[in-house]
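Understanding the architecture of this molecule
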Amino acid sequence: AGVAGDSEGGGGGDGERGCELLSGIYDRNFIDAAQARFTEDDGVPRLTPTQIAALDALDATCDDPGIRLDMRLEPGDVQWLHNHTTFHARSAYSDGDGNGPSRRHLLRLWITPPDARALPGAFAERFGDLRVGAGRGGIRVEGQTPFCALEPGA
């Protein structure tokens with residue numbers, strides 16, 4: 001799934017305008033790979049010129065230096081993102097000449113707090129359980145105990 005999204009109307013009383021909550025998953029590489037690898041007979045319809053133009057416009061918007069935020073993480077930095085409300089990506093990374101092991105030690109946590117909002121139905125195929133507080137996302141391997149080394153090489 002390259003694009004999934006949904007919005008939920010927020011409540012508003014006394015003539016107050018409702019608030020829209022937007023959730024999305026976007027990775028153009030998934031869409032392009034599906035277009036190249038599969039056919040309509042496989043259940044993957046061809047994108048129309050209008051759809052391709054819309055994706056190109058979204059890519060251009062995401063790549064606009066006046067809109068995007070570039071940041072360089074330094075040792076000890078923490079970055080918090082909500083995967084379903086913030087489009088984000090990583091750029092190429094190198095910390096040496098490529099002949100030795102990387103010194104980089106990057107940890108990723110998938111957190112679903114008990115007071116989070118539920119994900120929209122469009123996310124069910126990818127994440128399964130959409131309830132608030134349910135374990136959704138991340139990588140789980142049956143029979144393996146989750147482990148996170150806080151120090152490189154541990």
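Everything numeric in this text was worked out from a predicted model, so none of it was measured. (Residues numbered from 1 in each chain as written. Predicted model: local features only at pLDDT ≥ 70, side-chain atom pairs only at ≥ 80, totals over all residues. Heavy atoms only, no water.)

So, on to the overall build of the chain. The number of helices and strands found in the chain is 3 helices and 2 strands. In the chain, the order of α-helices and β-strands from amino to carboxyl end is β-β-α-α-α. Counting only residues that meet the buried cut, the chain has 16% of its 154 residues in that class. Nonlocal contacts in the chain, meaning residues at least 24 apart in sequence, comprise 46% of its contacts between residues at least 6 apart. (Helix = DSSP H or I, 4+ residues; strand = E, 2+ residues; numbered from the N terminus. Buried < 20%, exposed > 50% of the residue type's maximum accessible area, 1.4 Å probe, protein only. Contact = heavy atoms within 4.5 Å.)

To continue, consider the confidence of the model for the chain. Summing up the model confidence of the chain, the mean pLDDT is 79 and the portion of residues at 70 or higher is 84%. Per-element averaging of pLDDT across the chain places strand 1 (residues 3-9) at the bottom with 47 and helix 2 (residues 49-62) at the top with 96. Predicted confidence for residues 1-18 stays below pLDDT 50, and this span has 36 contacts to residues more than four positions away or in other chains. (pLDDT = per-residue confidence, 0-100.)

Attention shifts here to helix 1 (residues 28-37). For helix 1, the set of buried residues is R28, I31 and Q35. Axial view of helix 1: buried residues confined to an arc of 65°, hence all on one face. Among the exposed residues of helix 1, those oriented more than 90 degrees off its buried face are N29, A36 and R37. (Arc of directions from axis to C-beta.)

Bringing the side chain of H84 into the picture now. If you trace the backbone, H84 turns up in the loop between helix 2 and helix 3 (124-127). Setting aside its immediate chain neighbours within four residues, H84 contacts L22, S23, G24, I25, L119, F123 and F127.

Time to look at a nonpolar patch on the surface. A cluster of nonpolar side chains, namely L69, M71, L73 and L106, defines an oily patch on the protein surface of about 430 Å² accessible area. Within the secondary structure, L69 is located in the loop between helix 2 and helix 3. Classification of L69 by relative accessible area gives exposed; the value is 71%. (Patch = residues over 30% accessible without salt bridge, like charges linked within 9 Å, V, L, I, M, F, W, Y side chains within 5 Å. Areas by Shrake-Rupley, 256 points an atom, 1.4 Å probe, with all protein chains shown as cover. Salt bridge = Lys/Arg side-chain N within 4 Å of Asp/Glu carboxyl O.)

So, on to the pattern of salt bridges. Under the definition given, this model contains 7 salt bridges. Its salt-bridge partner being R68, residue D63 comes within 2.9 Å of it at the nearest N-O pair. Put simply, R28, D32, D56 and D59 are held in one network by salt bridges that share partners.

A few words on the side chain of R28. Within the element layout of this structure, R28 appears in helix 1. A polar contact of 3.4 Å, which involves the side chain of R28, links it to the backbone oxygen of L55. Of note is the side chain of R28, whose polar atom sits 3.0 Å from the side chain of D56. When neighbours within four sequence positions are excluded, R28 is seen to be in contact with I52, L55, D56 and D59. (Polar contact = N/O pair within 3.5 Å; in protein donor to acceptor, adjacent residues only side chain to side chain.)

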